[in-house]
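Structure at a glance
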Amino acid sequence: MSFIPLITALFARLLIRDRRFTLVEVVGLLVGLAGVVLVVRPTPAEITTGNVSRLLILVAATSNALGGVLVQRFDPPESTPVLLACATLSGGIALHFVSLFVIRESYANVSVTVPGVLSVAYLALLVGVGGYMIFFTLLRRVGAFEVSLVNYVQPIVAAVVGWLVLREGLNPLSVVGFVVIVAGFALVKRDHLRPYFQ
């Protein structure tokens, strides 16, 4: 998912006429991605494994990037809740199609439990509706590329929450990765950050 800023930048360059990226911004994107690699540290075996789930995640990242750029490019007149409803409906249909026909999941194996229902409700309402309301609102205010940069923060949050809540180890290399991600972000957003350091 940390490829989303790079993919978004590519789509924005192709589809939004007045959006150009400086060399420093491109370097910042690559530095941020390098920081993510330091946090996640994927092994060559994990990268080359022919697992369909990895391909589907890359397709989801590409769809996220393209969708954001298209909303910015065509600026539909619909309100944020209407955009959210359309995105949720089309996304839900696509997910059910993939789960039934590509992954071949069976609903017969699903067990309904209270923690499971609460988890789905949390994901649907707080993360889904709340998160995407914020996403579409920011998309209209600052643009697809700027919104996509949040994907560089996700590995930091995941590592810190895993350390605090699940008592997972926090590798010193991950901390270096955090610093590298912040450096990449600072390169991309240097014009916005400059007034705070003058």
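I will try to describe carefully the structure that is included in this document. A quick note: this is a predicted structure, and the numbers were derived from the prediction, not measured. (Residues numbered from 1 in each chain as written. Predicted model: local features only at pLDDT ≥ 70, side-chain atom pairs only at ≥ 80, totals over all residues. Heavy atoms only, no water.)

Description of the overall build of the protein
Scanning the protein from N- to C-terminus turns up 10 helices and zero strands. When the helices and strands of the protein are read in sequence order from the N terminus, they spell out α-α-α-α-α-α-α-α-α-α. Over its C-alpha atoms, taken along the principal directions, the protein stretches across nearly 60 × 45 × 30 Å. Going through the 198 residues of the protein one by one, you find that 26% of them count as buried. Relative to all contacts within the protein whose residues are 6 or more apart in sequence, the contacts with residues 24 or more apart total 82%. Entry remark: accessible area of the protein is about 13100 Å², with carbon and sulfur atoms responsible for 72%. Considering the protein, the positive charge centre built from 14 side chains and the negative charge centre built from 9 side chains are found 4 Å apart. (Helix = DSSP H or I, 4+ residues; strand = E, 2+ residues; numbered from the N terminus. Buried < 20%, exposed > 50% of the residue type's maximum accessible area, 1.4 Å probe, protein only. Contact = heavy atoms within 4.5 Å. Areas by Shrake-Rupley, 256 points an atom, 1.4 Å probe, with all protein chains shown as cover. Lys, Arg positive; Asp, Glu negative; His and termini not counted. Charge placed at Lys NZ, Arg CZ, Asp CG, Glu CD.)

Thoughts on helix H8 (residues 154–165)
If you check H8, its first and last C-alpha atoms are 16 Å apart, about what 12 residues at 1.5 Å a residue would give, namely 16 Å. The set of residues buried in H8 consists of Pro155, Ile156, Ala159 and Gly162. In a view along the axis of H8, the buried residues occupy a sector of 140°, so they form one face of it. Contacts from the buried residues of H8 go to helix H2 (23–40) and helix H9 (172–188). Where H8 terminates, the next one or two residues include Arg167, which has phi positive at roughly 60°. (Expected span 1.5 Å × (residues − 1). Arc of directions from axis to C-beta.)

Considering a nonpolar patch on the surface
The grouping of Val150, Val153, Val157, Val161, Trp163, Leu164, Val165 and Leu166 at the surface amounts to a nonpolar patch, some 740 Å² of accessible area in total. Relative to the elements of secondary structure, Val153 occurs in the loop between helix H7 (144–148) and H8. Take Val153: its relative accessible area is 39%, and that puts it in the partly exposed class. (Patch = residues over 30% accessible without salt bridge, like charges linked within 9 Å, V, L, I, M, F, W, Y side chains within 5 Å. Salt bridge = Lys/Arg side-chain N within 4 Å of Asp/Glu carboxyl O.)

Quick word on H2
The first and last C-alpha atoms of H2 sit 26 Å apart over 18 residues, in line with the 26 Å expected at 1.5 Å per residue. On the buried face of H2, the contacting elements are helix H1 (4–15), H7, H8, H9 and helix H10 (190–193). Just downstream of H2 lies Arg41, where phi reads positive at about 50°.

Some details on the environment of Val188
Tracing the chain through its elements places Val188 in helix H9. Separated by 163 residues in the primary sequence, Val188 and Glu25 have C-alpha atoms spaced 4.5 Å apart. Excluding residues within four positions of it along the chain, Val188 makes contact with Glu25, Gly28, Leu29, Phe145 and Leu149.

Side note on the environment of Glu146
Summarising the element assignment, Glu146 is placed in helix H7. Using a relative accessible area of 25% as the deciding quantity, one classes Glu146 as partly exposed. Between the C-alpha atom of Glu146 and that of Ser2, which follows or precedes it by 144 residues, the distance is 14 Å. Apart from residues lying up to four places away in sequence, Glu146 is in contact with Arg19 and Lys189.

Side note on the layout of surface pockets
Here the largest pocket defines a volume of roughly 1900 Å³. Contributing to the lining of the largest pocket are 50 residues, with Met1, Ala60, Asn64, Gly91 and Tyr132 lying nearest its centre. Listed by contribution, the elements that provide at least two residues to the lining of the largest pocket are H1, helix H4 (52–74), helix H5 (80–102), helix H6 (114–142), H7 and H8. When residues in the lining of the largest pocket are grouped by element, the largest group, 14 residues, is from H6. Residue composition of the lining of the largest pocket, grouped by class: 32 nonpolar, 16 polar and two charged. (1 Å grid on protein atoms, 1.4 Å probe; cavity = no way out; pocket = protein on both sides within 12 Å on 5 of 7 lines; lining within 4 Å. Points joined across faces, edges and corners; volume = space filled by probe spheres on them. Nonpolar A, V, L, I, M, F, W, Y, C, P; charged D, E, K, R; others polar.)

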